Amino acid sequence: MKNITCPFCKFEAESFLPGGLEFDVLNKYKIVGGGFRKNKFCPNCKSNDRNRHVYLYSLLFTSLFSNKTRKKVLHIAPEICLMKKIKDVPKLAY
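The structure contained in this document is the topic of the report that follows. Only a predicted model underlies this, so the values are computations on that prediction, with no experimental measurement involved. (Residues numbered from 1 in each chain as written. Predicted model: local features only at pLDDT ≥ 70, side-chain atom pairs only at ≥ 80, totals over all residues. Heavy atoms only, no water.)

The phi dihedral of Lys10 falls on the positive side, at around 65 degrees, and the residue is not glycine. Mapped onto the secondary structure, Lys10 falls in the loop between β1 (4-5) and β2 (12-13). Assessed through its relative accessible area of 53%, Lys10 is described here as exposed. (Helix = DSSP H or I, 4+ residues; strand = E, 2+ residues; numbered from the N terminus. Buried < 20%, exposed > 50% of the residue type's maximum accessible area, 1.4 Å probe, protein only.)

Here is the structure:
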């Protein structure tokens with residue numbers, strides 16, 4: 001039963017690959033996105049949970065992927081999977 005779909009590559013799976021490092025300080029201060037996670041990496045495109053979250057948030061709650069108006073984007077430390085999606089947006093100076 002496949003119940004997870006990667007928003008970047010549309011790969012469907014029962015789960016993603018685990019990953020992340022275990023450091024006591026990450027657990028102590030409850031650092032979001034820190035530590036070991038069961039569904040960190042997509043087995044197909046290797047996007048991680050943070051990349052997928054940023055993409056879905058931008059898609060659903062911003063106008064970044066809308067081609068209605070001209071926009072400029074400065075992407076600091078670009079993630080490859082997210083960069084590919086942003087570069088495909090018409091009327092966007094990336």
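Let us keep going from here.
As a further point, take helix α2 (residues 49-61). Helix length check: α2, at 13 residues, gives a terminal C-alpha distance of 18 Å against a target of 18 Å (1.5 Å per residue), a fit within 8%. Within α2, burial applies to Asn51, Arg52, Tyr55 and Ser58. Down the axis of α2, the sector holding all buried residues measures 135 degrees, keeping them to one side. Turned more than 90 degrees off the buried face of α2, the exposed positions are His53, Leu60 and Phe61. Those residues of α2 that are buried lie in contact with β4 (37-41) and α3 (80-87). (Expected span 1.5 Å × (residues − 1). Arc of directions from axis to C-beta. Contact = heavy atoms within 4.5 Å.)

Applying the stated criterion to the full structure yields two salt bridges. With a closest N to O distance of 2.7 Å, Asp49 and Arg37 form a salt bridge. In this pair, Asp49 is assigned in helix α2 and Arg37 in strand β4, connecting sequence segments 12 residues apart. By relative accessible area, which is 23% here, Asp49 ends up partly exposed. Residue Arg37 is classed as buried on the basis of its relative accessible area, which comes to 17%. The salt bridge involving Glu79 is made with Arg50; its shortest N-O contact spans 2.7 Å. Taken together, the residues Glu79 in the loop between β5 (71-72) and α3 and Arg50 in helix α2 connect sequence positions 29 residues apart. (Salt bridge = Lys/Arg side-chain N within 4 Å of Asp/Glu carboxyl O.)

Bringing the environment of Ser47 into the picture now. Tracing the backbone shows Ser47 in the loop between β4 and α2. Residues Ser47 and Glu79, 32 residues apart in the sequence, show an inter-C-alpha distance of 8.7 Å. Residues contacting Ser47, with those up to four places away along its chain left out, are Cys6, Phe8, Lys40, Phe41, Cys42, Arg52 and Cys81.

Our next topic: the packing of aromatic side chains. Two numbers describe a pair of aromatic rings. These are the distance of the centres and the angle of the planes. Taken as a whole and judged by the stated rule, the model has three aromatic pairs. Taking the centre distance of 5.2 Å and the plane angle of 35 degrees together, the rings of Tyr57 and Phe61 count as tilted. Of the two residues, Tyr57 and Phe61 are both situated in helix α2; the distance of four residues between them amounts to about one turn of the helix. Counting every residue linked through ring pairs, the aromatic cluster contains Phe8, Tyr55 and Phe65. (Phe/Tyr/Trp six-rings, centres within 6.5 Å; stacked < 30°, edge-to-face > 60°.)

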